[in-house]
Amino acid sequence: MPPETHLRIRDLCVKYGSSYGLKNITADIPAQRITVIIGPSGCGKTTLLRSLNRLVDTREGVTVSGQIFVGEQEIHDPAHYVTEIRKRVGLLAQRPCPLPMSIYDNVAYGPRLHGTRDRATLDRIVEHTLREGALWEEVKDRLHTPASALSIGQQQRLCLARGLAVEPEVLLCDEPTSALDPHSSLHIEQRFLALKERYTIVMVTHILRQARRLADHVLFLYLGELIEQGSAEEVFGNPQHPLTRQYLSGTIS
Amino acid sequence: MDLRRAEEGLFKGLMLASMVLVLGSLALILGVILVKGLPAMSLDMITQTPKGGYYLGKEGGILNAILGSLWLTLGATVLSLAIALPVVLYLNTWRDARSRLATLTRLSFDILWGIPSIVYGAFGFTLMLLFGLRASLLAGILAIALLMLPIMARSLDEVVRMVPRDLLEASYALGATRWETAVRVVVRQALPGLVTAVLLAMGRGIGDAAAVLFTAGFTDAVPTSLLQPAATLPLAIFFQLGTPFPAVQARAYASALILTVVILGISLACRLLTRRLVKNVVR
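This report concerns the structure included in the present document. Since this is a predicted model, take the numbers as computed values, not measurements.

Some details on the overall build of chain B
Here is step 1 of the chain: A count of helices and strands for chain B gives 11 helices and zero strands.
Here is step 2 of the chain: Reading chain B from its N terminus to its C terminus gives the helix and strand order α-α-α-α-α-α-α-α-α-α-α.
Here is step 3 of the chain: Residue pairs in contact within chain B that sit at least 24 positions apart in sequence constitute 73% of those at least 6 positions apart.
Here is step 4 of the chain: Surface accessibility of chain B: about 15,000 Å² in total, with carbon and sulfur atoms responsible for 72%.
Here is step 5 of the chain: Here chain B carries 24 positive and 14 negative side-chain charges, and the mean point of each set is 4 Å from the other.

The structure is reproduced here in structure tokens:
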């Protein structure tokens, strides 16, 4: 049975001033799978990822056209607050970025924004999501110490837990292991494989081996255009487009 | 090879010289205030208002000016912070920090910063005449707030601009609005710098004599309402120093000592109060 489509991208164009960041992207992203976006540096991978929860349009001078559906909801529809979209579509940034507060407050930040005040409920969310981020055992005795004191690998898992705490449906990950050491990277990758049971994960990576390890579905971008998309077996095993073949063989990078 | 080493030595020397110059000036000022002011220091100075003939060397103190300065500075700080902080947060959170609006606003503040405080005093005085107000604590607060505004806004701006963009996006990505992000993340992250910026502006405000000369007036009484005139420490120092009596001039130095201690006390208190909140800042 083919997986359901969770995100539908239709004719997405992103312009920085007058130059194109993305040109006419149309793609489907399957639910509860890991979709990996690959392509050479500057090809628009991150722009595409950040379009999916509308972080691109926080900057001035950026124009976005086209449609993106999360389930049935079009994310640029002015009837919905952008905060609603971002709650459903979370982001794990390239460099871990703890908020200037304690470990506990970092995780509780999102739920508090969305109206959870009850202490017992917050306690439960914090423990549950820190377990999902595989960080609970390491921090359970120092939940109220500054998050910035954690190691960088721990910080990234904290950011993962923080993102999960608002109960998103989709997790966007922007080269989530590029700032980490190999051991921490492996830790994070294992979390993704476990989390795709319940979440749709979209990940940007420039590490091809990582893409091969994790991907169920692949989008290949080149100079702002979507060149090829398909299941991991198809794209990695039998790439159709010459550019994809060149990229996978390392001729272009 | 030897040239490079000589160059290194030269610049090290220059840096040492400027450090000695700065610390030396501070030590000299403190020394003069202490040596000349301490003998005239007494409990009366800080607990009494001037009695008849105080400026001729009779008894009394400068409680009027101490309280006047404290009220004035408190009012002006709150007022200018209430204007500067929203402006700065707007420029850095709602708008792009490098947008044309932001550049223009910064330029305006830089120009305002360069205006001498006597001009703010005269401007305040003109407004008072226009509204038929007399010299009062309120008018002084407005004039000092105007003087402090550009200093506070520009220092706050420099601090808030240092907050990493990633931090804002981390907050947005969790579904926070810009307001929530500004208040819960930006202010918290920038807090140590914000305190410094406020103290910097406050130091200028409390030490300024020219802006309050026409606007706050001067009186021997402690003000009990915003519409009464208020004495201030810088003016008290000025008037005492202007008398021909050595005993009163010594009290001017004692007043300067009091002003210095007040500023030091406020700075330390602010640091202590915010220390607990600052430990979470991401470095």
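Remarks on the state of the cysteines
Residues and elements named next belong to chain A.
Here is step 1 of the chain: On inspection of all chains with the given rule, the structure shows zero disulfides over all chains.
Here is step 2 of the chain: In this model Cys43 remains outside any disulfide bridge; the closest cysteine sulfur is found in Cys13, 16 Å from its own.
Here is step 3 of the chain: Judged by its relative accessible area of 2%, Cys43 falls in the buried class.

A short note on empty space enclosed by the protein
Residue and element names in this part refer to chain B.
Here is step 1 of the chain: All chains considered together, the criterion is met by three cavities of 30 Å³ or more.
Here is step 2 of the chain: Computed from the structure, the largest cavity encloses a volume of approximately 50 Å³.
Here is step 3 of the chain: Surrounding the largest cavity, Leu199, Met202, Gly203, Ile206, Ile263, Ile266 and Ser267 form its lining.
Here is step 4 of the chain: The set of elements that each furnish at least two residues to the lining of the largest cavity consists of helix H8 (178–207) and helix H11 (246–278).
Here is step 5 of the chain: When residues in the lining of the largest cavity are grouped by element, the largest group, four residues, is from H8.

Brief notes about the sheet that holds strand E1 (residues 5–16) of chain A
Residues and elements named next belong to chain A.
Here is step 1 of the chain: Here we have four strands laid out as an open sheet, ordered E2-E1-E4-E5, and antiparallel in their pairing. A strand with exactly one partner marks an edge of an open sheet, and here the two such strands are strand E2 (19–30) and strand E5 (73–74).
Here is step 2 of the chain: Bridge count between E1 and E2: eight bridges; the pairing is antiparallel. The partner of Thr5 across the bridge, within E2, is Pro30.

Cut-offs and rules
By convention here, each chain's residues receive numbers from 1 onward along its written sequence. Chains and ligands are labelled sequentially in the order written, the chains with letters from A and the ligands with numbers from 1. For a predicted model such as this one, the threshold for reporting local features is a pLDDT of at least 70, and the threshold for listing and counting side-chain atom pairs is 80 or more; totals across whole chains, interfaces and linings nevertheless cover every residue. Values reported for side chains reflect all heavy atoms of the structure, with hydrogen atoms and water molecules removed beforehand. Going along the chain from the N terminus, every DSSP run of H or I of four or more residues is numbered as a helix, and every run of E of two or more is numbered as a strand. Note on contacts: a residue pair is in contact if any heavy atoms of the two residues lie within 4.5 Å. The protein chains shown are the only cover counted for residues, whose accessible areas, like all others here, come from Shrake-Rupley with a 1.4 Å probe. Counted as positive: Lys and Arg. Counted as negative: Asp and Glu. His and the chain ends are not counted at all. Charge positions are represented by NZ for Lys, CZ for Arg, CG for Asp and CD for Glu. Two cysteine sulfurs form a disulfide in these notes if their separation is within 2.5 Å. Categorising residues by exposure relies on relative accessible area from a 1.4 Å probe, with only protein chains included: less than 20% of the type maximum marks a residue as buried, more than 50% marks it as exposed, and the intermediate range marks it as partly exposed. Buriedness of a pocket was judged along seven lines, with at least five required to meet protein on both sides within 12 Å; pockets are open sets of points on a 1 Å grid over the protein atoms alone, cavities are sets where a 1.4 Å probe fits but cannot get out, and lining residues have an atom within 4 Å of a point. Grid points are joined across faces, edges and corners, and a volume is the space filled by probe spheres set on the points. When DSSP finds two or more bridges between a pair of strands, those strands are recorded as paired.

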